[in-house]
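# Geometric and topological summary
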Amino acid sequence: VQPALASVFDVANPSLPTGSRARTTTATQALVLLNGEFTAGRARALVERVRAEGETDRDVVVGRLFERVLGRAPTPSEARLASDFLSSLHFWGWQ
């Protein structure tokens with residue numbers, strides 16, 4: 001039994017020889033990456049790591065999230081959008 005993520009991305013059956021594989025790019029693949037349990041689990045783990053640091057300043061938290069995910073600081077526009085989004089979720093109790 002293959003996990004949903006593997007089946008969506010046409011992972012070869014490891015018990016059979018595979019000379020070549022078809023390449024596919026489908027909307028289903030994008031949706032599974034955006035909404036699937038794997039991505040949600042990684043997001044939850046990221047949030048828990050940042051929360052464990054005890055920081056509550058919104059700008060600092062947004063900066064740390066960007067650094068961990070993208071390896072860079074957010075632009076002012078990105079920081080504002082991320083802050084607004086997190087506030088809409090009542091993230092860290094922000095209003």
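Residues numbered from 1 in each chain as written. Predicted model: local features only at pLDDT ≥ 70, side-chain atom pairs only at ≥ 80, totals over all residues. Heavy atoms only, no water.

## Structural notes on the overall build of the protein
- In terms of helices and strands, the protein carries five helices and zero strands.
- The helix and strand sequence of the protein, counted from the amino end, reads α-α-α-α-α.
- A compact globule built from 95 residues should have a C-alpha radius of gyration of about 12 Å, whereas the protein, at 18 Å, is more than 25% larger.
- Referenced to the eigenvectors of the C-alpha coordinate spread, the extents of the protein come out at roughly 55 × 25 × 25 Å.
- Buried positions account for 22% of the 95 residues belonging to the protein.
- Counted over contacts in the protein with a minimum sequence separation of 6, partners at least 24 positions apart contribute 34%.
- If you sum the accessible surface of the protein, you get close to 7,000 Å²; carbon and sulfur atoms cover 60% of it.
- Here the protein holds 11 positive side-chain charges and 10 negative ones, and the gap between their average locations is 6 Å. (Helix = DSSP H or I, 4+ residues; strand = E, 2+ residues; numbered from the N terminus. Rg over C-alpha atoms; globule rule 2.2 N^0.38 Å. Buried < 20%, exposed > 50% of the residue type's maximum accessible area, 1.4 Å probe, protein only. Contact = heavy atoms within 4.5 Å. Areas by Shrake-Rupley, 256 points an atom, 1.4 Å probe, with all protein chains shown as cover. Lys, Arg positive; Asp, Glu negative; His and termini not counted. Charge placed at Lys NZ, Arg CZ, Asp CG, Glu CD.)

## Here we look at the packing of helix α4 (residues 58-70) against helix α5 (residues 76-88)
- Interhelical geometry of α4 versus α5 gives an angle of 110° and a closest axis separation of 10 Å. Here α4 lies roughly perpendicular to α5, going by the angle between them. Seen from α4, the contacting residues are R58, V62, L65 and F66; seen from α5, they are E78, A79, A82, S83, L86 and S87.
- When grouped by side-chain class, the residues that make up the contact of α4 with α5 number six nonpolar, two polar and two charged. (Axes fitted to C-alpha atoms, helices over the stretch in contact; angles between N-to-C directions. Parallel < 35°, antiparallel > 145°, perpendicular 65-115°, else oblique. Nonpolar A, V, L, I, M, F, W, Y, C, P; charged D, E, K, R; others polar.)

## Things to note about α5
- A rise of 1.5 Å per residue sets the reference length of α5, with its 13 residues, at 18 Å; its end C-alpha atoms lie 18 Å apart and thus fit the reference within 8%.
- Every buried residue of α5 is accounted for by A82, S83, L86 and S87. The buried residues of α5 occupy an angular sector of 135° when the element is viewed end-on, so they sit on one face. Of the residues in α5, the exposed ones pointing more than 90 degrees away from the buried face are L81 and F85.
- Contacts made by the buried residues of α5 are with α4.
- Among the residues trailing α5, H90 stands out with phi positive, at a value near 60°. (Expected span 1.5 Å × (residues − 1). Arc of directions from axis to C-beta.)

## Quick look at the nonpolar core
- One finds L46, V50, V61, V62, L65, F66, A82 and L86 forming the largest nonpolar core, which totals eight residues.
- Of all the elements in the fold, those that place two or more residues in this core are α3 (37-52), α4 and α5.
- Of the residues forming this core, the biggest block, four residues, is contributed by α4.
- Residues within four places of A82 in sequence aside, it is in contact with V62 and F66. (Core = buried A, V, L, I, M, F, W, Y, C linked by side-chain atoms within 4.5 Å.)

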